[in-house]
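Inside the fold
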Amino acid sequence: MPNAILVLNAGSSSLKFSLFADPPGGPELRLRGQIEGLNGAPHFIARDTAGAILDERRWADGTNLGHDGAAHHLVEFLQGFRDEYQLMAVGHRVVHGGQAFSQPVRVDAEVLAKLEKFVPLAPLHQPHNLAPIRAVAERAPQLPQVACFDTAFHRRQPELAQLFALPSAITERGVRRYGFHGLSYEYIASVLPQLAPEAAAGRVVVAHLGNGASLCAMAAGRSMASTMGFTAVDGLPMGTRCGNIDPGVILYLMDELKMDARAIERLIYKESGLLGVSGISSDMRELLASDAPRAALAVDLFVYRIGRELGSLAAALGGLDALVFTGGIGEHAPAIRARVCRDAAWLGVELDEAANEAGGPRISTASSTVSAWTLATDEELMIARHTRQTISPP
């Protein structure tokens, strides 16, 4: 009976899962799905690799399933595959590893206690990431669990790239630039050498563009700088997050509008970005299809900020050899890729319009001094790989 690895990615009101078989050649996806609406109208769906529905269930409106109930239902569902696979481990996406964790780690009580201390660093993400770890531990205490961190890939950045210009007493409390989307960037760094070995060995900026969006500067596959900083609200405008903002604006909101911390948190995380600027939607597809002036403004601001941050990261690298697009928008919005590439002509990017419309993978001309690419990311596969290596190192 082949072994299998379960990958869990918990959000505030959802639990996404993937099941990977573990053949000698590495993890292979077998099924995936999610339970969404955990706190009001839960909906479970599982699909095979071809997209066919394997199982589906809806709970009544008002049902508060929570992460514990979701994990319980998922375990019951997976029992139906016990004659096909032997579950060997569970890998979890955990947003924050702080300064303590620069690589995946097998979770025990001591590790879980350390991860709980990072809740103040990521209060909107960390508690939800840890909830299914506890739920699985309660139901299957002998099953190995591995935490894989969105911050870990960036821990090797130069010290200067991680520092704020704050007193050392505050820096020593963990207030520094951590960067996020690390599992996505790590996956791109692992596959780019097969596609473009010369570019991968050089200076690359990867644009992870989705509902959450960031850029990462890499030199020979190592993270050197990122647009996200202390939190995942920094950097680019996103679906509902504001991105980079003058700290003085926060003080203004407190002093003049009498907003407290929670109101400001809601504003910068859930009411800003594409949604806030457009007043229409956080979904780039809807904005691109709209003829509303404010929809166009939101898209313009998104592209403009990418261009500014791209220039900053190219400066941090001392030049640029390749630009890579990934994430939901990066992979599926050729109009956004085209605008970013045209704005980056000064860096040496020359767009191949036809290749871009076709989805690449290479979307720059053969003569372009900076190559441009579109690559699908796979954070779940990265977690499965890490989980396998952590519980059974080579």
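Each remark here, short or long, concerns the structure printed above.
Calculation rules
- Within any chain, residue numbers begin from 1 and follow the written order of that chain's sequence.
- In keeping with the model being predicted, local features are shown solely for residues with a pLDDT of at least 70 and side-chain atom pairs are shown and tallied solely at 80 or more, while totals for entire chains, interfaces and linings include all residues.
- Here the side-chain values reflect all heavy atoms present in the structure, with hydrogen atoms and water set aside.
- Secondary structure elements are defined from DSSP: runs of H or I of at least 4 residues count as helices, runs of E of at least 2 residues count as strands, and each element is numbered from the N terminus.
- Each radius of gyration is computed over the set of C-alpha atoms, and the globule rule expresses the reference value as 2.2 Å times the number of residues to the power 0.38.
- For this analysis, residues touch if any pair of their heavy atoms sits within 4.5 Å.
- For accessible areas, the Shrake-Rupley method is used with a probe of radius 1.4 Å. Any residue's cover is judged against the shown protein chains and nothing else.
- Charge counting treats Lys and Arg as positive and Asp and Glu as negative, with His and both chain ends excluded.
- Charge positions are represented by NZ for Lys, CZ for Arg, CG for Asp and CD for Glu.
- Count a disulfide wherever a pair of cysteine sulfur atoms falls within 2.5 Å.
- Summary of the burial criterion: residues with accessible area below 20% of their type's maximum are buried, those above 50% are exposed, and those between are partly exposed, where the area comes from a 1.4 Å probe applied to protein chains only.
- Buriedness of a pocket was judged along seven lines, with at least five required to meet protein on both sides within 12 Å; pockets are open sets of points on a 1 Å grid over the protein atoms alone, cavities are sets where a 1.4 Å probe fits but cannot get out, and lining residues have an atom within 4 Å of a point.
- Grid points are joined across faces, edges and corners, and a volume is the space filled by probe spheres set on the points.
- Residue polarity is assigned by list, with Asp, Glu, Lys and Arg as charged and Ala, Val, Leu, Ile, Met, Phe, Trp, Tyr, Cys and Pro as nonpolar; anything else, Gly included, falls into the polar class.
- Expected helix span is taken as 1.5 Å per residue step, with the number of steps being one fewer than the number of residues.
- If DSSP finds at least two bridges between two strands, the strands pair.
- Fitting a line to C-alpha atoms yields each axis, with helices limited to the stretch in contact; the angle taken between N-to-C directions then spans 0 to 180 degrees.
- By nonpolar core is meant a set of buried Ala, Val, Leu, Ile, Met, Phe, Trp, Tyr and Cys residues that side-chain atoms within 4.5 Å join together.

1. Some words on the overall build of the protein chain
Looking only at helices and strands, one finds 16 helices and 13 strands in the protein chain. Relative to a compact globule of 394 residues, whose C-alpha radius of gyration would be 21 Å, the protein chain shows 21 Å and is just as compact. Restricting the contact set of the protein chain to residue pairs at least 6 apart, pairs at least 24 apart contribute 61%. Surface exposure of the protein chain reaches about 17,800 Å², of which carbon and sulfur atoms provide 52%. Separation between the mean location of the 35 positive side-chain charges and that of the 42 negative ones in the protein chain comes to 4 Å.

2. Regarding the state of the cysteines
According to the stated counting rule, one finds zero disulfides in the structure shown. Residue Cys-148 stays outside any disulfide, its sulfur separated by 18 Å from that of Cys-216, the closest cysteine. For Cys-216, a relative accessible area of 0% translates into the label buried.

3. As for empty space enclosed by the protein
A complete count under the given rule lists one cavity of 30 Å³ or more for this structure. Of the voids in this model, the largest cavity is the one considered here, and its volume is about 50 Å³. Lining the largest cavity we find Val-95, Leu-121, Ala-122, Pro-123, Leu-124, His-125, Phe-180, Phe-230, Thr-231, Ala-232 and Tyr-269. The residue inventory of the lining of the largest cavity, partitioned by class, reads nine nonpolar, two polar and no charged.

4. With respect to the layout of surface pockets
Estimates place the volume of the second largest pocket at around 880 Å³. Looking at the lining of the second largest pocket, the elements with two or more residues in it are α8 (247-255) and α9 (261-270). Here the lining of the second largest pocket takes six residues from α9, the largest share from any one element. Across the lining of the second largest pocket, the residue classes break down as 17 nonpolar, four polar and four charged.

5. Here we look at helix α6 (residues 182-195)
Its 14 residues give α6 an end-to-end C-alpha distance of 20 Å, which sits within 8% of 20 Å, the value for a rise of 1.5 Å per residue. Residues of α6 that are buried: Gly-182, Leu-183, Ser-184, Tyr-185, Tyr-187, Ile-188, Ala-189, Val-191 and Leu-192.

6. Observations concerning the sheet that holds strand β9 (residues 203-209)
Reading across the sheet, the five strands line up as β11-β10-β9-β12-β13 and stay open at both edges, with mixed pairing between neighbours. The open sheet has two edge strands, β11 (222-226) and β13 (371-374), and neither has a second partner. Direction aside, the axes of adjacent strands within the sheet are offset by 25 degrees on average. Across five bridges, the pairing between β9 and strand β12 (residues 322-326) is parallel. Directly across from Val-205, in β12, lies its bridge partner Leu-323. Across the sheet, helix α12 (residues 293-317) touches β9, β10 (213-219), β11 and β12, and the angle it forms with β10 is around 20 degrees.

7. What to know about the environment of Ala-200
Here Ala-200 lies in helix α7 (residues 197-200). Sequence separation of Ala-200 and Ala-113 is 87 residues, and the distance between their C-alpha atoms is 37 Å. For Ala-200, the residues in contact, after removing those within four places along its chain, are Leu-192, Pro-193, Ala-220 and Gly-221.

8. Brief notes about the nonpolar core
Here is a general trend for soluble globular proteins: nonpolar side chains tend to be buried in one another's company. Ranked by size, the top nonpolar core spans 59 residues in total, and within it Val-205, Leu-209, Leu-215, Phe-302 and Ile-336 carry the most contacts. No other element matches the ten residues that α12 contributes to this core. If you look at the next biggest cluster of nonpolar residues, it comprises 31 residues, including Met-88, Cys-148, Phe-153 and Val-206.

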